[in-house]
Amino acid sequence: MNPKTLEALETMEKRLNQIDSDLQKEDVASNIKKLTDLNKERASLEDIVNKFIEYKQILSSIAEAKTILTTEKDKEMIDLAKFELEDCESKLSPLATLIEEMLIPKDPNDDKNVIIEIRGAAGGDEANIFAGDLYKMYKLYAEKENWKINIMEASLSEAGGYSQIVFMVKGDKVYSKLKFESGAHRVQRVPKTEAKGRIQTSTATVAVLPEMSDVEVDIKASDLRIDTYRASGAGGQHVNTTDSAVRITHIPSGVVAASQDGRSQYDNKDIAMAMLRAKVYEAAVEKQQAEAGAARKSAVGTGSRSEKIRTYNYPQNRVTDHRIGLTLNKLDQVMEGNIDEFVVALMNEEQRLKVAAQLEENI
């Protein structure tokens, strides 16, 4: 472990000891806010400091065993020292790796629910049909994870599927698993409308946005233009008789969100605001990344809609994720929501890149 990492860990240990000392003070015990803040900080430090203490204990045991091997003449003591040294050295490297991973800042959005927007892109009707297939895939995956899905906005395609569908996924650590799905998904297959049996390539884009609260994304009412209009399509009698659909424009950024599938104008306004907060946050993040220059070293791809991330080849029953070079010859199972192999592989690659970036910064 490099000196900078050790220095950071020593600072954390000292801070934890200071917190434990402060928690014993009467003035802290009577101050609820101070007490809450200290306990929260303590919880964030405890696990990694305990691992660091364990790491130092192993280093001490290694040094002690080496001393015995160079000074002791008793054969039994030497054998015990050799065993202790071998055992400790086998534990040291994995523990150091774990500590370095624990030091990496976690994505603050990982525990959030998500808003997913799928659009049919290149390929006309076939692209819209594929957008519907992707929605079904994520819906089935959500069911396996015991997550809940709520459709926020949907535009059905005459040929089947959706020209656009927006839905919320709620559950445990949803964003941490689905954030890598953002990008262009490409399908290669014979469309139902193709009489000559020729394979066509079409695409659908997926955007995965973390759900943001009004506290996290401060949007001023004066920066909004809210328009109401009559909804179209399925939705009941109110669709064609009342101005229930809502379109909200965030004037400073030009971001627009709309909803017409809610039961009332109030429902549609809430849905549109939820989408708007997520989109404004996404626009702000993209601007920060553009200003920072090159793509993030610690991320798997850029997550932009234009980035081709995965190809679904139906004739060969094959799915390939181009970011990590992973190919699975079980497209039929993937489309039934069995995408865990991709999810886990992408999460592992993200972690590997973050560790590498962290080590590079500390050199």
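Residues numbered from 1 in each chain as written. Predicted model: local features only at pLDDT ≥ 70, side-chain atom pairs only at ≥ 80, totals over all residues. Heavy atoms only, no water.

K.L.:
Before we go on, may I ask you to explain the sheet that holds strand 7 (residues 245-250) in this structure?
P.N.:
Sheet strands associate in pairs through backbone hydrogen bonding, adopting either a parallel or an antiparallel arrangement. If you trace the 3 strands from one edge of the open sheet to the other, you get 6-7-8, paired in antiparallel fashion. The open sheet has two free edges, formed respectively by strand 6 (224-229) and strand 8 (255-259), since each of these has just one partner strand. The average angle at which neighbouring strand axes cross in this sheet is 15°, direction not considered. Pairing analysis gives 5 bridges linking strand 7 to strand 8, with the strands arranged antiparallel. Within strand 8, the position partnered with Thr-249 by the bridge is Val-256. (Pairing = 2+ DSSP bridges. Helix = DSSP H or I, 4+ residues; strand = E, 2+ residues; numbered from the N terminus. Axes fitted to C-alpha atoms, helices over the stretch in contact; angles between N-to-C directions.)

K.L.:
I keep staring at the sheet that holds strand 3 (residues 162-170) and nothing clicks. Help me out?
P.N.:
As summarised here, the arrangement of the 8 strands in space is 2-3-1-5-4-9-10-11, forming an open sheet in which the pairing is mixed. One side of each edge strand has no neighbouring strand; the edge strands of this open sheet are strand 2 (148-156) and strand 11 (326-328). Strand-to-strand twist across the sheet, computed as the mean angle between neighbouring axes with direction ignored, equals 15°. The pairing of strand 4 (residues 183-189) with strand 9 (residues 308-313) spans 5 bridges and is parallel. Bridge pairing in strand 9 places Ala-184 opposite Lys-308. On the sheet, helix 5 (residues 125-144) packs against strand 1 (114-120), strand 2, strand 3, strand 4, strand 5 (200-210) and strand 9 and is oriented at approximately 45° with respect to strand 5. (Contact = heavy atoms within 4.5 Å.)

K.L.:
Where do I start with the packing of aromatic side chains in this structure?
P.N.:
Remark: the centre distance and the inter-plane angle together describe each pair of aromatic rings, the angle taken between the planes. For the structure on display, the rule yields 4 aromatic pairs. Consider the rings of Phe-130 and Tyr-312, whose centres lie 5.3 Å apart with planes at 65°: the pair is edge-to-face. Placement of the pair is Phe-130 in helix 5 and Tyr-312 in strand 9, with a sequence separation of 182 residues. Under the relative-accessibility criterion, Tyr-312 is labelled buried at 0%. Relative to Phe-167, the ring of Tyr-135 lies with its centre 5.0 Å away and its plane at 75°, an arrangement referred to as edge-to-face. (Phe/Tyr/Trp six-rings, centres within 6.5 Å; stacked < 30°, edge-to-face > 60°. Buried < 20%, exposed > 50% of the residue type's maximum accessible area, 1.4 Å probe, protein only.)

K.L.:
What is the right way to look at the packing of helix 1 (residues 3-22) against helix 3 (residues 32-71) in this model?
P.N.:
To characterise two packed helices, one gives the angle between the axes of the helices and the distance between these axes. Where helix 1 meets helix 3, the axes come as close as 9 Å, and the angle between the chain directions of the two elements is 130°. Judged by the inter-axis angle, helix 1 sits oblique to helix 3. In this structure, helix 1 crosses over helix 3, and the sense of that crossing is left-handed. Residues Leu-6, Leu-9, Glu-10, Met-12, Glu-13, Arg-15, Leu-16, Ile-19, Asp-20 and Asp-22 of helix 1 form the contact with helix 3, whose own contacting residues are Leu-38, Glu-41, Arg-42, Leu-45, Glu-46, Ile-48, Val-49, Phe-52, Ile-53, Tyr-55 and Lys-56. The class makeup of the residues in the contact of helix 1 with helix 3 is 12 nonpolar, no polar and 9 charged. (Parallel < 35°, antiparallel > 145°, perpendicular 65-115°, else oblique. Left-handed = near helix turned anticlockwise from the far one by under 90°. Nonpolar A, V, L, I, M, F, W, Y, C, P; charged D, E, K, R; others polar.)

K.L.:
Please clarify how the pattern of salt bridges should be interpreted in this entry.
P.N.:
Where charged atoms from two side chains of opposite charge approach closely, those side chains can pair. Scanning the entire structure with this criterion turns up 24 salt bridges. Put simply, Glu-41 and Arg-15 hold a salt bridge, and the shortest N to O gap is 2.8 Å. Residue Glu-41 is located in helix 3, and its partner Arg-15 is located in helix 1; the two are separated by 26 residues in the primary sequence. The shortest N-O distance in the salt bridge between Asp-227 and Arg-225 comes to 3.6 Å. In this structure Asp-227 comes out as partly exposed when scored by relative accessible area, which is 27%. One network of salt bridges, in which partners are shared, links Glu-181, Arg-310, Asp-321 and Arg-323. (Salt bridge = Lys/Arg side-chain N within 4 Å of Asp/Glu carboxyl O.)

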